[in-house]
Amino acid sequence: MCDFDKVIERRGTSSIKWNVQYSFGQKDGLLPFWIADTDFASEPKILEAMKNRLEHPIIGYGEPWDNVYKAVQGWWERRHGWKADTDWMYIGSGVVTALYFNLKLLVPEGERVVVFTPVYDPFFAVIKNSGHELAECPMDHEDNYYTINLERFEDELKVGAKAVIMCNPHNPVGRVWMEEELGEIVNLCRKYDVYLFSDEVHADYGLTRKYTTLGRFTEIHDKLIIYTAISKSFNMAGMVSSCLIIPDSGMKKRIVEDFASRWMFGPCDLAFNAIEAAYTYGDTWMDEAAAYTASNVEFVQSFVKERMQKVQVTKHEGTFLMWLDMGCYGLPSSKITEMLAKEYGVALGDGSHYGACGEGFMRFNVGCARQTLEQGLKQMEKMYEKYVR
Ligand SMILES: Cc1ncc(COP(=O)(O)O)c(C=O)c1O
């Protein structure tokens, strides 16, 4: 049993999340709830596997062995009810990097690529930087709940969009897409013959509902790439690794050759040990991490309900990232972000970064010890008292 309540000091550990205090001109004391890594200690067996690897004194260029792929396969079959063929897998560096190169390879330059906003902002960068046009498809938002507007999506496809990037579960709005909803997306992608890039790195944080992988929709396999990773699930973003699942053998070959032609060798050797151990031994840890996160979500919901009543909490189904509507402050998100950090000592994610429809919202990473979360909320409440109450 892992002690998720334990506060682990991360200052001074090269953590981007915790070093943010310096960019706000604060020396110490700022509590960070922004970038998406958690403050949870990794599953000990993963760390042990990495330490064992270091018993050998040479870390050369590495490549995964069969059991690494089998571990990924076993995890998805056991936990998510889908058996991906190990031949479909490519273990490489980060998801964002892979998305960039995959878009560049598969989608002709200048074509439109759809995302459902508000959404994880590096998607905007990968679309633009790979020479494509960003097609923002704002989601519907009613009663603090987001849904994809299928008509709007189809309009984008009708005017020629060539690909869509799905985020499932969805960062930042916390939706865990239902099978029926995914089915509608798949049907439309099929109808217009577009690529479906499915970022499923938050898969293991389906908190109120089990997540459904798009891999189960065989009818789209020839156009589908699934991006998975231990980064979010096991709090291992620093390993800079991911596993792409590409069911179409022709597409997989092109992608692998593309990476090879760029001399991209994938993650560091230690990542392979981490992936194998995580997906082999990580079930209990993952269950506990998800349960702890779910209780943190409930804690935020009741704190806000009692003490920051005008803040709207988006209904939360998955991920460790919550989405708060702070429109009641009457301030732009950028200003709220700055004031929260500089005057109240908490760093949240500026909602406007996730698309124009994110203005007035803040993203709140609740993957931390309860004590840290409570302290952060109390500091946020002080600003609420001044500007809203
Ligand atoms: C949806 C999503 N995709 C990808 C990433 C980052 O992936 P990587 O670090 O492997 O590029 C994140 C990190 O927050 C994320 O939330």
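In every chain, residue numbers begin from 1 and rise along the written sequence. Only residues with pLDDT of at least 70 get local features here, since the model is predicted, and only at 80 or more are side-chain atom pairs given and counted; chain-wide, interface and lining totals rely on the full set of residues.

**A few points about the overall build of the protein chain**
Each helix and strand in the protein chain was counted, giving 13 helices and 15 strands. For the radius of gyration, the atom set is restricted to C-alpha positions; the globular benchmark scales as 2.2 Å times the number of residues to the power 0.38. For the protein chain, the C-alpha radius of gyration of 21 Å lies close to 21 Å, the compact-globule estimate for 389 residues. When its C-alpha atoms are laid out on the principal axes, the protein chain stretches across 60 × 55 × 35 Å. Residues counted as buried form 48% of the 389 residues belonging to the protein chain. By sequence separation, contacts in the protein chain at least 24 residues apart represent 74% of the contacts at least 6 residues apart. Segments assigned H or I by DSSP are reported as helices when at least four residues long, segments assigned E as strands when at least two residues long, and all are numbered from the N terminus. Counting other C-beta atoms within 10 Å of a residue's C-beta gives its exposure: the residue is buried at 20 or more, exposed at 12 or fewer, and partly exposed in between, where C-beta atoms are placed from the backbone. The contact rule is simple: place each C-beta atom from the backbone, and if two of them lie within 7 Å, those residues are in contact.

**Digging into the site of the ligand**
Here, nearness is defined through the C-beta atom: a residue counts as near a molecule or strand if that backbone-placed atom lies within 6 Å of it. Ala36, Gly94, Val95, Val96 and Asn171 are the nearest of the 13 residues found near the ligand. Gly falls in the polar group here, along with every residue not listed as nonpolar (Ala, Val, Leu, Ile, Met, Phe, Trp, Tyr, Cys, Pro) or charged (Asp, Glu, Lys, Arg). Among the residues forming the shell around the ligand, the class breakdown is eight nonpolar, four polar and one charged.

**A closer look at the domain arrangement of the protein chain**
Domain limits in this description derive from either an automatic procedure or a database domain assignment. For the protein chain, the domain assignment lists domain 1 (16-43 + 284-387) and domain 2 (59-281). For the side of domain 1 that touches domain 2, the secondary-structure elements that each account for two or more residues are helix 11 (283-307), strand 11 (312-313), strand 12 (321-325) and strand 15 (361-365). With five residues, the single largest contributor to the side of domain 1 that touches domain 2 is helix 11. Of the residues that constitute the side of domain 1 that touches domain 2, the class distribution is 14 nonpolar, twelve polar and five charged.

**Notes on the sheet that holds strand 10 (residues 242-245)**
Spatial ordering of the open sheet is given by 2-10-9-8-7-3-4, a layout of seven strands whose pairing is mixed. Each end of this open sheet is capped by a strand with a single partner; those strands are strand 2 (89-92) and strand 4 (133-138). Across the sheet, the mean angle separating the axes of adjacent strands is 20 degrees when strand polarity is ignored. Two strands form a pair only when DSSP identifies at least two bridges running between them. Summarising the sheet, strand 3 (residues 112-117) and strand 4 pair through six bridges and their orientation is parallel. Bridge assignment links Val115 to a residue of strand 4, and that residue is Glu136. The strands touched by helix 6 (residues 150-158) are strand 3 and strand 4; relative to strand 4, the strand with the most contacts, the crossing angle is about 160 degrees. Note on geometry: axes are C-alpha line fits, over the in-contact stretch for helices, and angles between N-to-C directions span 0 to 180 degrees.

**Quick look at the environment of Leu340**
Among the structural elements, Leu340 can be located in helix 12 (residues 333-344). It is 9.7 Å that separates the C-alpha atoms of Leu340 and Leu30, two residues lying 310 residues apart in sequence. With sequence-adjacent residues up to four places away left out, Leu340 is seen in contact with Val346, Leu348, Met380 and Met383.

**Topic: the nonpolar core**
In these notes, a nonpolar core means any group of buried Ala, Val, Leu, Ile, Met, Phe, Trp, Tyr and Cys residues linked to one another through C-beta atoms within 7 Å. Core analysis: the largest hydrophobic core is formed by 115 residues, its most contacted members being Val72, Ala274 and Ile275. Those residues in contact with Ala274, other than ones at most four positions away along the chain, are Ile46, Ala49, Met50, Ile230, Met236 and Met239. Within the second largest apolar cluster, five residues are counted, among which are Phe4, Phe40, Trp285 and Tyr292.

**Re the pairing of strand 10**
The side-chain alternation of strand 10 yields two buried faces, one formed by Ser242 and Leu244 and the other by Cys243 and Ile245. In this structure, strand 2 lies alongside strand 10, joined through four bridges in antiparallel fashion. Among the inter-strand pairings, Gly92 is bridged to a residue of strand 10, identified as Ser242.

**Details of the packing of helix 6 against helix 7 (residues 179-192)**
Orientation of helix 6 relative to helix 7, taken along the N-to-C sense of each, is 20 degrees, at an axis distance of 10 Å. With respect to each other, helix 6 and helix 7 are oriented roughly parallel. Crossing angle aside, the handedness with which helix 6 passes helix 7 is right-handed. Where helix 6 approaches helix 7, its residues Leu150, Phe153, Glu154 and Leu157 are matched on the opposing element by Glu184, Leu188 and Tyr192. Here the contact of helix 6 with helix 7 is built from residues that sort into five nonpolar, no polar and two charged. What sets the label is the angle itself: under 35 degrees gives roughly parallel, over 145 gives roughly antiparallel, 65 to 115 gives roughly perpendicular, and the rest give oblique. It is the rotation of the near helix from the far one that decides the hand of a crossing: anticlockwise by less than a right angle makes it left-handed, clockwise makes it right-handed.

**Details of the pairing of strand 8 (residues 195-199)**
Counting buried positions along strand 8 gives five out of five residues, so the element sits mostly inside the fold. With five bridges joining them, strand 7 (residues 163-167) and strand 8 adopt parallel strand pairing. For Val164, the partnering residue across the bridge sits in strand 8 and is Leu196. Between strand 7 and its parallel partner strand 8, the chain crosses via helix 7, and the hand of that crossover is right-handed. As defined by bridge partners, strand 8 adjoins strand 9 (residues 224-228) across four bridges and the pair is classed as parallel. Within strand 9, the residue paired with Leu196 across the bridge is Leu224. Note on handedness: a clockwise path from strand one over the helix to strand two, with the strands aimed away from the viewer, defines a right-handed crossover.

**Topic: the environment of Val96**
On the secondary structure map, Val96 appears in helix 4 (residues 95-106). Val96 gets classed as partly exposed once you count the C-beta atoms within 10 Å, which come to 16.

**Some thoughts on the packing of helix 3 (residues 66-80) against helix 10 (residues 269-281)**
Two quantities define a packed helix pair, namely the angle between the axes and the distance from one axis to the other. Between helix 3 and helix 10, whose axes approach to 8 Å, the crossing angle comes to 35 degrees. The way helix 3 lies across helix 10 gives a crossing that is left-handed. Along the contact surface, helix 3 presents Asn67, Val68, Ala71, Val72, Gly74 and Trp75, while helix 10 presents Phe272, Ile275, Glu276, Tyr279 and Thr280. Taken together, the residues of the contact of helix 3 with helix 10 sort by class into seven nonpolar, three polar and one charged.

**Points about the sheet that holds strand 14 (residues 349-350)**
Hydrogen bonds between backbone groups are what pair the strands of a sheet, and the pairing can be parallel or antiparallel. Across the sheet, four strands lie side by side as 11-12-15-14; this open sheet has antiparallel pairing. Every interior strand has two partners, whereas the edge strands, strand 11 and strand 14, have only one. When strand 12 meets strand 15, the two strands line up antiparallel, connected through five bridges. Directly across from Leu321, in strand 15, lies its bridge partner Asn365.

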